[in-house]
Amino acid sequence: FQAEDGIRDQPRSRGLGDVYKRQLIDSAFPAGSFAHSSGLEAAWQNGRVENEEDLLAFTRTSLEQASNGQLPFVISARNDPDSFYELDSLCNAFLSNHVANRASRRQGATLLATCETVFQNSKLTQLRTNVIENGLSCHLPPVFGLISNILNIKDQTASGIYLYFIIRGILSSAVRLGVIGPLRAQVIQRKAASFAEDIVTDLPIPSLDDIAQTAPVIEALQTNQDRLYSRLFQS
């Protein structure tokens, strides 16, 4: 695996994509989601999420929204890396919610910087250089899709990892907010993970022509994040 001039850019092991996959989903991997609650904090402070049942419904609704408004960008960038710049621009226009837009840009930039440092791949370095030099938005969905392509992670697996990021971020936020305890959060994670698996394996991912916002209440609540009297998260 090691080369004289550093780590090889193109892994030769057929199973190396699985190695990258396992590292990406490790809870210790700094993917940039720790500072974001995906709208949960605003929903909690507004009394929309008060118990375990509400939290599960919030998580499932967020996954449904991701399947309609984020996975199309992930899969498109994964399967057509040359379209990244167009996809990044389209994603910027689609995310009209300023809080969600800001969070997506920050998480995308953080994930890209982390992956470049950890995986030491020249394509990731070039992508980050282009993002900085051209002032690109660097939104999370197309960034994750392109990273999946570079790291040789299959499209269905990439979709599953992306949805797992959402589940992990929401439930981690719920524990820190005191909405639920760690043990019950794991129960919800099991249920949400089953729902996410159904999305990935059974439902067709919408095309870019069909991207839509399907969780308007969560979006409306999230726009109030900056107006909360006190808050732990940026989104």
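Bear in mind the structure is a predicted one, so any value in this text is a computation, not a measurement.

## Some thoughts on the packing of helix α4 (residues 71-79) against helix α8 (residues 140-150)
Inference 1: Between α4 and α8, the shortest axis-to-axis distance is 7 Å and the interhelical angle comes to 35 degrees. Regarding α4 and α8, the two cross each other, and that crossing is right-handed. Of α8, the residues touching α4 (which contributes Phe 73, Val 74, Ala 77 and Arg 78) are Pro 141, Pro 142, Phe 144, Gly 145, Leu 146, Ser 148 and Asn 149.
Inference 2: In terms of residue class, the contact of α4 with α8 is built from 7 nonpolar, 3 polar and 1 charged.

## Details of helix α10 (residues 182-202)
Inference 1: Over its 21 residues, α10 runs 30 Å from end to end, which matches the ideal 30 Å to within 8%, given 1.5 Å per residue.
Inference 2: Those residues of α10 hidden inside the fold are in contact with α3 (52-69), α4 and α9 (155-177).

## Here's the deal with the side chain of Thr 59
Inference 1: Counting through the fold element by element, Thr 59 comes out in helix α3.
Inference 2: Within the structure, Thr 59 has its side chain in polar contact with the backbone oxygen of Leu 55 (distance 2.8 Å).
Inference 3: What Thr 59 contacts, discounting residues up to four positions off in sequence, is Ile 167, Ile 170, Leu 171 and Ala 192.

## Here's the deal with α4
Inference 1: Most of α4 sits inside the fold, with 7 of its 9 residues counted as buried.
Inference 2: Of all the residues in α4, the buried ones are Leu 71, Pro 72, Phe 73, Val 74, Ile 75, Ala 77 and Arg 78.
Inference 3: Those residues of α4 that are buried are in contact with α3, α5 (84-94), α8, α9 and α10.

## Some thoughts on the nonpolar core
Inference 1: Membership of the largest hydrophobic core comes to 55 residues, with the highest contact counts inside it found for Leu 24, Leu 55, Leu 63, Phe 144 and Leu 163.
Inference 2: At 11 residues, the largest contribution of residues to this core is made by α9.
Inference 3: Dropping the residues within four chain positions of it, Leu 55 is found in contact with Leu 40, Val 49, Ile 170, Leu 171, Ala 174, Ile 180 and Ile 188.
Inference 4: Counting 6 residues, the second-largest nonpolar core is a separate cluster that includes Ala 77, Leu 87, Leu 95 and Ile 211.

Definitions and cut-offs
Residues numbered from 1 in each chain as written. Predicted model: local features only at pLDDT ≥ 70, side-chain atom pairs only at ≥ 80, totals over all residues. Heavy atoms only, no water. Axes fitted to C-alpha atoms, helices over the stretch in contact; angles between N-to-C directions. Helix = DSSP H or I, 4+ residues; strand = E, 2+ residues; numbered from the N terminus. Left-handed = near helix turned anticlockwise from the far one by under 90°. Contact = heavy atoms within 4.5 Å. Nonpolar A, V, L, I, M, F, W, Y, C, P; charged D, E, K, R; others polar. Expected span 1.5 Å × (residues − 1). Polar contact = N/O pair within 3.5 Å; in protein donor to acceptor, adjacent residues only side chain to side chain. Buried < 20%, exposed > 50% of the residue type's maximum accessible area, 1.4 Å probe, protein only. Core = buried A, V, L, I, M, F, W, Y, C linked by side-chain atoms within 4.5 Å.

Remember that the coordinates give geometry; whether it matters functionally is a separate question.
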